[in-house]
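As a plain string of letters, each chain reads:
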Amino acid sequence: MRKTLRTGLLLASAAIPLAGLNASAASMIDSTTYGGHTYELWADTGVSWENALSAAVGGGGYLATLTDPAETSAVYGDFIGTGFFTSNAGQAHQAWLGGYTTDSGFTTIDPNAWAWINGDAWTAIDAGNFAAGEPNGDSTGLTINRFGTSKWNDEGGTVGGYIVEKDGTRVPDSGSTLALLASACAAMGALGRRILK
Ligand SMILES: [Ca+2]
Ligand SMILES: [Ca+2]
């Protein structure tokens, strides 16, 4: 575990400044609020899950954790008017969320072998929101808008954007920020091991 975190920290320390430098490639399409949180839809052609995570954390948020149906429908419903979420099933119209597979082989078709980046529980409701035929084992991270709906897809390549969630307007205390960074780094460490395989 210590090695995983250290690998992740090295990756994160390199990736976050790079995400800042590459910020011009991404553009915010829209933002909305729900339950005191702010959500931003970013377009970024051909973005990987790990680069989207770096950009989200570097911008003071995290990849969105849509942990209940009301949150999912509110955020997706507000963003669908932007035209980003067309019924086209292609990856260009999907957005990364803060879910990642816990399968070390990154090939699982088990909808329960997933976790949220902020440590929120992955529930039966989350596992039940995959689109028909998903997850099909091509996983790195979780996307939304499979088949033009608010259903999940597991995706291992790149997609057209990502959703950032921010916890209200207060300045985050250092404890919660460090916990989130540790969680993000652990996930990135796992991805680093995949890349090195
Ligand atoms: Ca959330
Ligand atoms: Ca898939």
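Rules and cut-offs
- Residues numbered from 1 in each chain as written.
- Chains lettered and ligands numbered in written order.
- Predicted model: local features only at pLDDT ≥ 70, side-chain atom pairs only at ≥ 80, totals over all residues.
- Helix = DSSP H or I, 4+ residues; strand = E, 2+ residues; numbered from the N terminus.
- Buried ≥ 20, exposed ≤ 12 C-beta atoms within 10 Å, placed from the backbone.
- Contact = placed C-beta atoms within 7 Å.
- Pairing = 2+ DSSP bridges.
- pLDDT = per-residue confidence, 0-100.
- Core = buried A, V, L, I, M, F, W, Y, C linked by C-beta atoms within 7 Å.
- Arc of directions from axis to C-beta.

### Comments concerning the overall build of the protein
- Within the protein one finds five helices and eight strands.
- Burial statistics for the protein: of 197 residues in total, 38% are counted as buried.
- Looking at the protein alone, contacts between residues at least 24 apart form 70% of all its contacts between residues at least 6 apart.

### So, the pairing of strand E1 (residues 27-34)
- Where E1 lies against strand E2 (residues 37-47), seven bridges are found, and the strand directions are antiparallel. Residue pairing across strands places Met 28 opposite Trp 42, the latter belonging to E2.
- Connecting the antiparallel pair E1 and E2 is a turn made up of two residues, with Gly 35 showing a positive phi of about 60°.

### A short note on the confidence of the model for the protein
- Averaged over all residues, the pLDDT of the protein is 83; the fraction at 70 or higher stands at 73%.
- Counting interchain partners and residues more than four positions distant, the pLDDT-below-50 stretch residues 1-20 has 30 contacts.

### Thoughts on the nonpolar core
- Formed by 34 residues in total, the largest nonpolar core has its most connected members in Ala 52, Ala 56, Leu 63, Tyr 162 and Ile 163.
- Listed by contribution, the elements that provide at least two residues to this core are E2, helix H2 (49-58), strand E3 (62-63), helix H3 (69-79), strand E4 (95-101), strand E5 (114-116), strand E6 (141-144) and strand E8 (159-166).
- If one sorts the elements of this core by residue count, H2 sits on top with six residues.
- Setting aside anything within four residues of it in sequence, one finds Leu 63 in contact with Ala 52, Leu 53, Ala 56, Trp 96, Leu 97, Gly 98, Ile 117, Tyr 162, Ile 163 and Val 164.

### Details of the pairing of strand E7 (residues 152-155)
- Covered by surrounding structure in E7 are Trp 152 and Asp 154 together with Asn 153 and Glu 155, the residues of both alternating faces.
- The sheet contact formed by E6 and E7 spans four bridges and is antiparallel. Paired with Thr 143 across the strands is Asn 153, a residue of E7.

### Considerations on unusual backbone geometry
- Omega for the bond connecting Glu 134 with Pro 135 falls within 30 degrees of zero, at -5°, which places this linkage in the cis form.
- The residue Pro 135 is located in the loop between helix H4 (124-127) and E6 in this model.
- Positive phi, normally seen in glycine, also occurs at Asn 145, with a value near 90°.
- You can see Asn 145 is positioned in the loop between E6 and E7.
- A residue is classified by how many C-beta atoms lie within 10 Å of it, and Asn 145, with 28 of them, is buried.
- The phi angle at Phe 147 is positive, at roughly 60°, despite the residue not being glycine.

### Focus on H2
- Within H2, nine of the 10 residues are buried, which leaves the element mostly enclosed by the surrounding structure.
- Looking at H2, one finds that the buried residues are Trp 49, Glu 50, Asn 51, Ala 52, Leu 53, Ser 54, Ala 55, Ala 56 and Val 57.
- The first or second residue beyond H2 is Gly 60, which carries a positive phi of 90°.

### Observations regarding H3
- Those residues of H3 that fall on the buried side of the exposure criterion are Thr 72, Val 75, Tyr 76 and Phe 79. Within H3, the buried residues cover an arc of 95° as seen down the axis, which keeps them to one side.
- The inward-facing, buried residues of H3 abut E1, E2, E6 and E8.

### Quick look at the environment of Ala 121
- One can find Ala 121 in the loop between E5 and H4.
- With 54 residues separating them in the primary sequence, Ala 121 and Thr 67 have C-alpha atoms 8.1 Å apart.

### Describing the environment of Leu 97
- With respect to the element layout, Leu 97 can be found in strand E4.
- For Leu 97, a count of 25 C-beta atoms within 10 Å corresponds to the buried category.
- Sequence separation between Leu 97 and Ala 52 is 45 residues; the distance between their C-alpha atoms is 9.0 Å.
- If near-sequence neighbours (up to four positions away) are discounted, Leu 97 is found in contact with Leu 63, Ala 64, Leu 66, Leu 142, Thr 143, Ile 144 and Ile 163.

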